[in-house]
Amino acid sequence: MATIDSAVGDATQRVIDTFDRYVVPNYRRFPVCLVKGEGSRVWDAEGREYLDLFPGWGCNLLGHCPEPVVRAVQEQVAKLIHVPNTWYTETQGEWAHLLSERSFGGQAFFCNSGTEANEAAIKLVRLRTNGEKYKIITFQGGFHGRTMGSVTATAQPKYHEGLGPMLAGFQYAPHGDLAAVEKLVDDRTGGILVEPILGEGGIVPAPPGFLQGLRKIADERDLLLVFDEVQCGCGRTGKWFGYQHFGVVPDVMTLAKSLCAGIAGGAMLTTGELAKHLRPGMHASTFGGNPIAAAAGIATIRTIEEQGLLGHVDRAAAAFRTRLEALQDRCDAVRAVRVIGMMIGVELSIDCAAVVQACLDRNLLVNSTQGRVIRLLPAMTISPADVEDGCDRLADAILEVASHTAT
Ligand SMILES: *Cc1c(COP(=O)(O)O)cnc(C)c1O
């Protein structure tokens, strides 16, 4: 099998040199330059082919360059690229309609990213009571984005380092701890923000009864329940939205990542009643709901339906679960396997960075989070053969790292 040479190829080295001089070094990057992709495969500048189980950091919901989305964007880009939100467009209205029908029947505010969707939700919580009930409760291990509001909402100290003072009005509770939430709520509390399935936190679904309990507290204490579905939304889990696995409906939901199958796009959905608090002039996003994102968002939803991908996700998830649980049975380093559709976490007792590198050596792209969880966010379109191939390579990588590490 071809493996990554320790020497970086010339084509790749030239790109790295350019980055070293001209690109802000705020990301840890592998010495690999990707040039094209198709489905669950991607190629680098040296001509190597990879199997990608983490396409686009969860954004490429339908794999790389899905044909119906490519076509929709190509047609739209030749017609109308961008117009301001002072005008109507057919595409934005249709996109909102499709999202509303598949969720809780509300209205959409469009933006360009997950953090921006959460900022809109934070503003909505404050605006609803004119800033009187401004406090928002969030959860340890959650992740909500990098702008100052969303990063303050992210209750993980490592993301706050050196940034203070943080935005006022956020309070943090341990994930799953309803009693702690009850204790924090006072008459200044306006909302609760939570991921129904922690993504960056290690692919952890809400424990049984937790979201129901939050719904009850929100109803009793007049709070908005906000679900951050930036990672778990849009069909990835085999249902349109993560909350649909739990039977608990939020007042506000935020979306991005998968929303446009790789084109930048975000949305905040809320009920028609609550949406009235975002009056003209109160909030905006210049590129929000632009025709390109809308065309991609519409094509994403239609493709999932026309190709029966929600059902396909259930079958692919079952295949992943079978393979990964079999690995757990014969490898002590695998502590837990969590599979919710195409959100997969493999919790290890060994160094995950070494496993990610061992996967890369096998031309397999995966991610690690929280230092101990291998995270896969495979394309909804992944073939049964690629599931098997991916599990073969991942198992091989984990077994190799485990063989020379004490667990
Ligand atoms: C990635 C992520 C965000 C932030 O999205 P950006 O588009 O990077 O701003 C917010 N919430 C969750 C749950 C995420 O996974």
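Conventions and cut-offs
Residues numbered from 1 in each chain as written. Predicted model: local features only at pLDDT ≥ 70, side-chain atom pairs only at ≥ 80, totals over all residues. Heavy atoms only, no water. Helix = DSSP H or I, 4+ residues; strand = E, 2+ residues; numbered from the N terminus. Contact = heavy atoms within 4.5 Å. Pairing = 2+ DSSP bridges. Axes fitted to C-alpha atoms, helices over the stretch in contact; angles between N-to-C directions. Near = heavy atom within 4 Å. Polar contact = N/O pair within 3.5 Å; in protein donor to acceptor, adjacent residues only side chain to side chain. Areas by Shrake-Rupley, 256 points an atom, 1.4 Å probe, with all protein chains shown as cover. 1 Å grid on protein atoms, 1.4 Å probe; cavity = no way out; pocket = protein on both sides within 12 Å on 5 of 7 lines; lining within 4 Å. Points joined across faces, edges and corners; volume = space filled by probe spheres on them. Nonpolar A, V, L, I, M, F, W, Y, C, P; charged D, E, K, R; others polar. Phe/Tyr/Trp six-rings, centres within 6.5 Å; stacked < 30°, edge-to-face > 60°. Buried < 20%, exposed > 50% of the residue type's maximum accessible area, 1.4 Å probe, protein only. Lys NZ or Arg CZ within 6 Å of the ring centre and 35° of its normal. Parallel < 35°, antiparallel > 145°, perpendicular 65-115°, else oblique. Left-handed = near helix turned anticlockwise from the far one by under 90°.

1. Looking at the environment of L269
Reasoning step 1: One can find L269 in strand β12 (residues 266-270).
Reasoning step 2: Separated by 49 residues in the primary sequence, L269 and A318 place their C-alpha atoms 31 Å from one another.
Reasoning step 3: Residue contacts for L269: discarding those within four places in its chain leaves L99, S103, F104, Q107, A108, D251, V252, M253 and L255.

2. A few points about the sheet that holds strand β4 (residues 107-111)
Backbone-to-backbone hydrogen bonds join strands into a sheet, with any given pair of strands oriented parallel or antiparallel.
Reasoning step 1: The seven strands are arranged β4-β12-β11-β10-β7-β5-β6 in an open sheet whose pairing can be described as mixed. Sheet topology places β4 and β6 (170-173) at the edges, where each strand pairs with a single neighbour. For this sheet, the mean angle separating the axes of adjacent strands, direction not counted, is 20 degrees.
Reasoning step 2: Of the strands in this sheet, β5 (135-139), β7 (189-194) and β10 (224-228) touch helix α7 (residues 210-221), which is tilted by about 165 degrees from β7.

3. A closer look at the site of the ligand
Reasoning step 1: Taken together, the residues surrounding the ligand are S113, G114, T115, N118, F143, H144, G145, E195, D228, V230, Q231 and K257.
Reasoning step 2: With respect to the ligand, the backbone of G114 contributes an N or O atom lying 2.8 Å from an oxygen atom.
Reasoning step 3: Here an oxygen atom of the ligand and a side-chain polar atom of K257 are 2.6 Å apart.
Reasoning step 4: Against a free-state accessible area of 380 Å², the protein chains account for coverage of 82% of the ligand.

4. Concerning the layout of surface pockets
Reasoning step 1: Roughly 610 Å³ of internal volume is contained in the second largest pocket.
Reasoning step 2: As for the second largest pocket, its lining consists of 23 residues, of which N85, Q92, A108, F109 and F110 are closest to the centre.
Reasoning step 3: Of all the secondary structure elements, the ones that give two or more residues to the lining of the second largest pocket are α3 (90-102), β4 and β12.
Reasoning step 4: Broken down by element, the residue count for the lining of the second largest pocket peaks at four residues, all from β4.
Reasoning step 5: Residue composition of the lining of the second largest pocket, by class: 10 nonpolar, 13 polar and no charged.

5. Some words on the packing of aromatic side chains
Reasoning step 1: Evaluated as defined, the whole model comprises seven aromatic pairs.
Reasoning step 2: Here W95 and F110 contribute two aromatic rings whose centre-to-centre distance is 4.2 Å and whose plane-to-plane angle is 10 degrees, an arrangement assigned as stacked. You can see W95 sitting in helix α3 and its partner F110 sitting in strand β4, a full 15 residues away along the chain. Take W95 and F110: they sit in the same class, and that class is buried.
Reasoning step 3: Aromatic side chains F241 and Y243 sit 6.2 Å apart centroid to centroid with 5 degrees between the ring planes, which places their arrangement in the stacked category.
Reasoning step 4: Members of the aromatic cluster, joined through ring pairs, are F104, F227, F241 and Y243.
Reasoning step 5: Sitting over the face of the ring of W43, K36 holds its NZ or CZ atom 4.8 Å from the ring centroid.

6. Remarks on the packing of helix α11 (residues 352-361) against helix α12 (residues 384-403)
Reasoning step 1: Remark: α11 packs on α12, axes separated minimally by 9 Å, with the N-to-C direction vectors making an angle of 130 degrees. Judged by the inter-axis angle, α11 sits oblique to α12. Note on packing geometry: the crossing formed by α11 with α12 is right-handed. On α12, the residues that touch A354, V355, A358 and C359 of α11 are L394, A397, I398, E400 and V401.

7. Focus on the environment of D177
Reasoning step 1: Position of D177 relative to the elements: it lies in the loop between β6 and α6 (178-184).
Reasoning step 2: Since its relative accessible area comes to 28%, D177 is described here as partly exposed.
Reasoning step 3: Looking at D177, its side chain comes within polar contact range of the main-chain nitrogen of A179, at 3.2 Å.
Reasoning step 4: For D177, the side chain forms a polar contact with the main-chain nitrogen of A180, separated by 2.9 Å.

8. Looking at the sheet that holds strand β14 (residues 343-348)
Reasoning step 1: What the four strands build is an open sheet, ordered β13-β14-β17-β16; its pairing is antiparallel. Two strands in the sheet have a free side with no partner beyond their single neighbour: β13 (334-340) and β16 (367-369). Across the sheet, the mean angle separating the axes of adjacent strands is 25 degrees when strand polarity is ignored.
Reasoning step 2: Here β14 runs beside strand β17 (residues 373-376); their pairing, made up of four bridges, is antiparallel. Paired with E347 across the two strands is V373, which belongs to β17.

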